[in-house]
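A look at the structure
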Amino acid sequence: MATSEGVTASVHRGGQRSAAAILRSQMRNIAPFLTLICLSGFFAIASPSFATLDNLGNILTQVSVTGIIAVGLTFVILCAEIDLSIAAIANVTGIAVAYFTLQESYVNIANVPLPGWAAILLSLALCALLGLVNALGLTVIGIPSFIMTLAMMQIAAGISALLVRGQIAYKVPDLVTTLGSGSIGGIPWIVIVAAVMLLAGHLVLTYTRFGRYVYMVGGNREAAEYSGLNVKLILGSVMVISAVCSGIAGMLGVAHFGSAQQNEFDTYLLDSIAAVVVGGTSLFGGRGGIGNTIVGLFVLGVLNNGLDHVNIDSFLKILIRGLILLAALVINVYAQRLRARAAE
Amino acid sequence: MPQGRSPILELREITKAFGGVEALRGVDFALYAGEIHGLVGENGAGKSTLMKIIAGVHPEFSGHIALDGREVRFRSARDAHAAGIAMVHQELSVAPDLSVAENVFLGTQPTNRFGLVQWRRMAREAGEQLARFGIDVDPMTRLGDLPIGLQQLIEIARVLFSGARIIILDEPTSALSPPEVERLFTTLRRLRDEGTGIVFISHFIEDILRISDTVTVFRNGRKVHETEAAATSKAALIEAMIGKGREALEETYAHDITLPPRGNRPVVLKADALSLARSVQDVSFEVCAGEVLGIYGFMGCGQLELARVLFGKIKPDSGVVLIDGDRKAFASTAAARRAGIAFVPESRRAMLFHQEPVYKNISISVLDRISALLLKPARERSIAVRQVDQLQIRPAAVELDLGMLSGGNQQKVALAKWLSYPPRVLVLCEPTRGMDVGAKNDVINIVRELSAKGLAIIVLSTEPETVLSLADRIIVLKRGAVVREFAGEVVSKDRLLEAA
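For every chain, the first residue of the written sequence is number 1, and numbering continues from 1 along that sequence. Just so you know, chain letters begin at A and ligand numbers begin at 1, following the order they were written in. Given that this is a predicted model, residues contribute local features only at a pLDDT of at least 70 and side-chain atom pairs are listed and counted only at 80 or more, while totals for whole chains, interfaces and linings are drawn from all residues. Note that the side-chain values use all heavy atoms of the structure and ignore hydrogens as well as water.

Section: the confidence of the model for chain B
With 94% of its residues at a pLDDT of at least 70, chain B reaches an overall mean of 84. Counting contacts from residues 245-252 of chain B, a segment whose pLDDT is below 50, to residues more than four positions away or on other chains yields seven contacts. Along the chain, pLDDT gives the predictor's confidence residue by residue, from 0 to 100. For this analysis, residues touch if any pair of their heavy atoms sits within 4.5 Å.

Observations concerning a nonpolar patch on the surface
All names here are of chain A. On the surface, a cluster of nonpolar side chains totalling about 560 Å² of accessible area is made up of L129, L132, V133, L136, V140 and I141. Of note, I141 is situated in helix α6 (residues 116-141). The buried label goes to any residue with under 20% of its type's maximum accessible area, the exposed label to any with over 50%, and the partly exposed label to all in between, with areas taken from a 1.4 Å probe on protein chains only. On the accessibility criterion, I141 (64% relative accessible area) is exposed. Exposure above 30% relative accessible area and no salt bridge define the residues that can form patches, which grow by joining like charges within 9 Å and nonpolar side chains of Val, Leu, Ile, Met, Phe, Trp and Tyr within 5 Å. We get accessible surface area from the Shrake-Rupley algorithm with a probe of 1.4 Å; when it comes to residues, only the shown protein chains can shield them. Salt-bridge detection follows one rule: a side-chain nitrogen of Lys or Arg within 4 Å of a carboxyl oxygen of Asp or Glu. Helix and strand labels come from DSSP, where a helix needs a run of H or I of at least four residues and a strand needs a run of E of at least two; each type is numbered from the N terminus.

Thoughts on the packing of aromatic side chains
Two aromatic rings, drawn from Phe, Tyr or Trp (for Trp, its six-membered ring), form a pair once their centres lie within 6.5 Å of each other, and the interplanar angle then sorts them: stacked below 30 degrees, edge-to-face above 60, tilted otherwise. Scanning the model with the defined rule gives 13 aromatic pairs over all chains in all. Seen from their ring centres, F185 of chain B and F200 of chain B are 5.8 Å apart, and the 70° between their planes marks the pair as edge-to-face. Taken together, the positions of F185 of chain B in helix α6 (residues 178-193) and F200 of chain B in strand β8 (residues 197-201) put the pair 15 residues apart, joining distant regions of the chain. Here F185 of chain B falls in the buried class, since its relative accessible area comes to 0%. What links up through ring pairs into an aromatic cluster is the set Y226 of chain A together with F311, F343 and W418 of chain B. Either the NZ atom of lysine or the CZ atom of arginine qualifies as a charge over a ring when it sits within 6 Å of the ring centre and within 35 degrees of the ring normal. When the ring centre of F61 of chain B is taken as origin, the NZ or CZ atom of R73 of chain B, which lies over that ring, is 4.1 Å away. The ring of F486 of chain B has R484 of chain B lying over it, and the distance from NZ or CZ to the ring centre is 4.1 Å.

What to know about the pairing of strand β14 (residues 292-296) of chain B
Residues and elements named next belong to chain B. The buried count for β14 comes to five of five residues, which makes it a mostly enclosed element. Going residue by residue along β14, you find V292, G294 and Y296 tucked away on one face and L293 and I295 tucked away on the opposite face as well. Pairing between two strands is assigned when DSSP locates at least 2 bridges connecting them. Pairing geometry for β14 and strand β19 (residues 456-461), over five bridges, is parallel. Each bridged residue has a counterpart across the sheet, and for L293 the counterpart in β19 is I458. Two strands pair when backbone bridges link them, and β14 and strand β20 (residues 473-478) are joined in this way by four bridges, in the parallel orientation. The partner of L293 across the bridge, within β20, is R473.

See the structure below:
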């Protein structure tokens, strides 16, 4: 999936262009894949417990929550925008779904117990609403997405704080519990949900008119406007999609972790952005896709998981992750330049 | 020109090529202290290129420059500036987010001995300078909040008061109102009398004749004529600019063209009293089915803004657009497209997706007609193939990235994207700019065919040839207002230039 678009493109061009030119223009897709293979190879040799089926399951489970958030974020980054409120929206949605569920008597939260379906719908409505506020700030008022979603990050964290008031809630609706922490035939539901959402994101981006518009707006916003596209509607939509994906990740995440509390999702902001960008989706918009995001998720998952299997100072791991992310960013920017040169 | 003195600036045998195309061929030029030297010539004649060489913007050229009789070679604009040469460029180059005072002192802010900016002193001095120029604004206002004309005046003021001995003004009056032009001229005359050498480039030949002591005419990268301003006339200068000689006749439409009489075809688009800040003033016109309306004017005459108002990109301050008699207020370009307006801007970069294949570029504007939810790639490709075929886009490969096509073929793609579902009105900005003769002719033929099919077409251009070769009727814009309409009569390049 990662290189499907690239492969068709290069087949058609094969006659006119040299292999080197194709390689250069596909750098964005090839580099993350090579990174993944190298990392996997390294950990497989360094640790006998890494390359096992069990551990593959671990990695898949570990990247699921990030993966669900990354689906929506891919749309946003393809449009050359950013969403910094994803983790905070995931958090508040997870807390909301617990807030609307009957908790055990020892949980000291003045909550509003509702039937499970109502709790889920209300929580989804909440994250969609927050996404809509992002969308309106970006398109109607014209606040850059970086700043708008930074504010939203605080707002969502604020709502979370008001709902739980420093307490921890445990119960969520049964459906959410099953999808977040249950499994079927040995496969965790959360992995299945992540896979389905990634697939859906890929289908929307590749086969729908809306998906084409996302790529075109990201590729050249001015040209999209002069082609008579409703650029604001498209930008607004991706912000809402991003918030809803984060919300779903938040609900399932709460069930997965077994509790809903403040600041539970903080690390997912960087992880999700890293997954999308490491995978090769261009920060300048218009290039990349869900295939890239999947590769990025695996790079991050293998890295996080593999570092636990080898004997490394646990404080060094943070630095290593940072360096890998930097390398990916360098490749991302460099690939953009190579491609621009190849196009000339 | 002043006799018996040596020039402060002398250029000999200047030749400059851009990627194999010669922009200047062996040009000599001399500027004296206490002289205002007017430069005229068509777009691309080489005026701006020569001035940019003087100002150090183009360090690569062959030939010699002597300043006060000593040979110099500027490697950058900074070098030229240090030697006392300052230039106001055609494109506004101000910092809109800084204050007026900071713009006036850009790069030369007064500082105290700790290197800190002396804000109060800067504001006071900026205010004084601008007042001398007749500009009354608070120096601490954000420059971007001022009207474009005022911004241009402030940029000019910065250069005029920079203490430079040689001042080059490239098209400084295009966005200025008549009283502002007067103020500029008063200041220029004073600087001249103080001994400054001034080069003044303008399309407005009346302005050139009024302000200049000497006038030089450029054509096709050559200096073709130099005269004292008092000894020439507008007609003589226009003739020198276009060249009545054999060399360029068939290319330049210097001969007369008779516009067809206006039939009684239905009006498709009517613009009624459109106004936009300082750029468009009370513009009204109609376009009929099957008619090509040419809108001609010099750079900065407001036609680009007018075109964007028609396509819903900019909201006019007042006035309405009517399509088939219905009043339309476009909230977005998407609304304008749905109302049947197609738009090709003057810059292909602003219109096309260079990293996407040709077929996606062609289908983008009609995607909602061919697919509801899911894309139909086969249909997209067949539409693209048909357009590529009809407009003879080469190479005829719809899978190729657009960026790999030549400029002329890209321009055809920019047209093609609107044609698979023909619009009611086609608005074309500079449709043949920067294209070779063959591609130009192709585009002209395409536009004529579309017109024959009954499309209402508006062509906006700063190139008289483009308008003359395409239009059935021509209106001339000058400083945002319609000053002349040519319909059913004889028109020529001279007459267009004369009117603008």
